[in-house]
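One-letter residues, chain by chain:
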Amino acid sequence: MTKHVFITGGVVSSLGKGLTTACIGALLEARGLRVRIQKFDPYINVDAGTMNPFQHGEVYVTVDGGETDLDLGHYERYTAAPITRSSNITSGRIYHNVISKERKGAYLGGCVQVVPHITNEIKAHIRQHDGPDVDLVLSELGGTVGDIEGMAFMEAFRQFAYENGRENTAFVHLTLVPYLRSSGELKTKPTQQSVGVLRQIGVQPDVLVCRTERPLTQEMRDKIAMFCNVEKQYVFDERDVEHSIYELPLQLQQAGLDEALIRRLGLKAGPAKLDAWQDLVHRVLNPQGTVDIAVVGKYVELKDAYKSVYEAIDHGGIANRVEVKVHRINAEELNDDNAGKMLRGMAGILVPGGFGERGIEGKISAVRFARENRVPYYGLCLGMQIAVIEFARHVAGMTDANSSEFSRDTRHPVITLLKDQRNVKDMGGTMRLGAQPCKLAEGTASRVAYGAELVQERHRHRYEFNNEFRSRLIEKGLVVAGLNPDLDLVEICELKDHPFFVGVQFHPEFQSKPLKPHPLFAAFVKAAVERAKSR
Ligand code: GLN
């Protein structure tokens with residue numbers, strides 16, 4: 001029988017609930033259990049695809065083209081659990097399903113209500129992975145308990161536990177135990193109150209994970225246990241990790257969180273196999289140098305906007321045993337005159353994906369600087385398109401070259417709308433999305449990095465390299481290093497006579513894991529290390 005763990009958060013958002021959920025998944029897998037992970041998000045958007053990064057951070061793309069919450073990235077990076085579009089269930093999707101059924105007459109004669117119709121639909125999704133091949137499903141709820149919009153989910157979780165049997169279901173609640181500097185104390189009241197809210201809804205948490213800056217004393221732990229009605233052995237603290245987030249799985253394992261869940265749910269599990277994580281942490285904590293890399297984007301103040309990109313850069317550092325210092329550069333402040341100053345000392349320059357005109361010219365200046373000064377360059381999606389525009393303008397002499405996303409009347413639309421996008425009217429879920437094959441050309445940097453001829457990478461875009469300009473750009477020295485074999489779309493561009501200059505139309509960052517760094521990120525950081533050494 002498949003067991004279930006629900007993970008909720010209290011007191012404040014941004015406690016790192018997604019990361020903690022991913023770590024729990026990793027630990028249970030390390031104990032030999034077959035785990036699935038899913039996220040329930042209370043917002044009304046059917047998926048995360050229509051939200052900008054300011055609202056909700058990066059849109060994470062799954063292999064099957066789902067546009068999802070970025071927490072799914074944590075799940076995929078830390079575990080082997082298959083993650084697809086159905087791993088992220090929003091209120092919007094739940095309501096959409098129920099309303100579609102209502103229109104088809106599925107509830108004929110009935111009044112359709114939050115309880116039971118919405119809650120039943122949620123429960124059906126909770127069970128989507130149940131079966132003999134799955135030992136345990138982790139379901140994380142977005143937001144904070146007490147949020148109005150999360151109520152139907154909490155009610156569904158409660159009902160589910162009631163029906164599924166409490167012995168087969170566990171609730172993990174992540175809370176904050178703040179430290180008050182003025183009085184020099186850790187405070188347990190917010191935790192008590194947030195568990196109070198849970199209990200009002202009818203949910204008694206089994207495990208409390210208390211986020212703290214300082215270790216909890218046994219006395220505090222006992223107090224929290226007593227007032228939250230949770231067994232003492234199930235109260236954990238999760239301190240801010242000292243050096244690296246990769247320490248977290250080991251920290252939680254040492255605290256016994258995996259064992260607690262295994263015990264509570266009566267699961268049979270083996271000893272923890274965490275050698276790979278231990279080795280990883282050792283590598284991260286003992287780098288053999290540092291390297292400076294600029295990420296030129298529009299959301300510089302938001303760490304979450306390019307979450308997977310930053311993570312994948314880190315992985316590239318791990319592969320090369322160096323610490324990567326990422327410098328977030330605001331594209332809007334960059335131009336040809338100040339690029340030298342703003343990018344001074346950078347051993348690598350990366351332009352991530354993006355939409356809309358803001359910051360485009362600054363990104364073009366960054367690419368120009370990288371090309372002319374032989375600084376390793378790595379462009380992701382929009383970052384490849386920018387590289388093509390820059391090359392067309394300054395090498396191929398098409399001075400007004402642009403993407404038709406940014407200019408309607410350019411005579412050189414070197415980047416243009418994909419054919420099958422021309423009649424698209426709806427904005428939700430209609431981009432070119434998900435994994436697509438890419439065939440790599442012999443002798444290119446990409447081919448060397450991947451060590452394979454055919455790869456699969458995830459996409460999320462509407463515009464593409466315009467094949468009408470292909471031969472002209474190739475003549476001037478642009479290298480088409482990767483092609484979609486079915487559609488003849490240019491997926492990778494490189495430059496000859498440059499230490500590393502690779503632009504990819506896809507998002508390789510979604511396939512990079514700390515234990516399995518993406519080959520292109522590893523190659524980019526390697527080139528940056530060489531650049532740093534040579535100076
Ligand atoms: N805006 C560009 C497009 O739609 C790039 C998209 C991206 O970087 N994800 O093609």
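Above: the structure in question.
Residues numbered from 1 in each chain as written. Predicted model: local features only at pLDDT ≥ 70, side-chain atom pairs only at ≥ 80, totals over all residues. Heavy atoms only, no water.

K.L.:
Just to check I follow, could you spell out the packing of aromatic side chains for this structure?
P.N.:
The geometry of an aromatic ring pair is captured by two quantities: the separation of the ring centres and the angle between the planes. Under the counting rule described, the total for this entry stands at 16 aromatic pairs. Between the aromatic rings of Phe-40 and Phe-153, the centroid separation amounts to 5.8 Å while the plane-to-plane angle is 55 degrees, which identifies the pairing as tilted. Of this pair, Phe-40 sits in strand S2 (residues 35–41) while Phe-153 sits in helix H6 (residues 151–164), placing them 113 residues apart in sequence. Phe-153 shares its class with Phe-40; the two are buried. Taking the centre distance of 5.8 Å and the plane angle of 40 degrees together, the rings of Phe-500 and Phe-524 count as tilted. Separated by 24 residues along the polypeptide, Phe-500 in the loop between strand S22 (490–495) and strand S23 (501–504) and Phe-524 in helix H18 (residues 519–533) bring together distant segments of the chain. An aromatic cluster is defined as three or more aromatic residues linked by ring pairs; in this entry it consists of Phe-6, Phe-40, Phe-153, Phe-157, Phe-160 and Phe-171. Across the ring face of Tyr-179, the terminal group of Arg-214 is positioned such that the distance to the ring centre comes to 3.7 Å. The ring of Tyr-299 has Arg-358 sitting right over it, with the charged end atom 5.8 Å from the ring centre. (Phe/Tyr/Trp six-rings, centres within 6.5 Å; stacked < 30°, edge-to-face > 60°. Helix = DSSP H or I, 4+ residues; strand = E, 2+ residues; numbered from the N terminus. Buried < 20%, exposed > 50% of the residue type's maximum accessible area, 1.4 Å probe, protein only. Lys NZ or Arg CZ within 6 Å of the ring centre and 35° of its normal.)

K.L.:
In this structure, what is going on with the sheet that holds strand S10 (residues 207–212)? I would like to understand it.
P.N.:
In any sheet, the strands associate via hydrogen bonds between backbone groups, in a parallel or an antiparallel arrangement. Reading across the sheet, the seven strands line up as S5-S2-S6-S1-S7-S10-S11 and stay open at both edges, with parallel pairing between neighbours. The strands lining the two open edges of the sheet, one partner per strand, are strand S5 (88–90) and strand S11 (235–239). Pairs of neighbouring strands in the sheet enclose a mean axial angle of 20 degrees, with direction left out of account. Pairing geometry for S2 and S5, over three bridges, is parallel. The partner of Asp-41 across the bridge, within S5, is Thr-90. (Pairing = 2+ DSSP bridges. Axes fitted to C-alpha atoms, helices over the stretch in contact; angles between N-to-C directions.)

K.L.:
Quick question: what am I supposed to make of the pattern of salt bridges here?
P.N.:
Pairing between side chains of opposite charge can happen when their charged atoms approach one another. In the structure shown here, the tally under the stated rule is 37 salt bridges. Ionic pairing is found between Glu-259 and Arg-31, a salt bridge with its closest N-O pair at 2.9 Å. Within this pair, whereas Glu-259 is found in helix H10 (residues 257–264), its partner Arg-31 is found in the loop between helix H1 (17–30) and S2, the two being separated by 228 residues in sequence. On the accessibility criterion, Glu-259 (30% relative accessible area) is partly exposed. In this structure Arg-31 comes out as buried when scored by relative accessible area, which is 11%. (Salt bridge = Lys/Arg side-chain N within 4 Å of Asp/Glu carboxyl O.)

K.L.:
Looking at this structure, how should I read the pairing of strand S13 (residues 323–330)?
P.N.:
Along any regular strand, the residues point their side chains to alternate faces of the sheet. In terms of strand pairing, strand S12 (residues 290–297) meets S13 through eight bridges, oriented parallel. Each bridged residue has a counterpart across the sheet, and for Ile-293 the counterpart in S13 is Val-326. Crossover S12 to S13 through helix H12 (residues 307–319) is right-handed. (Right-handed = clockwise from strand over helix to strand, strands pointing away.)

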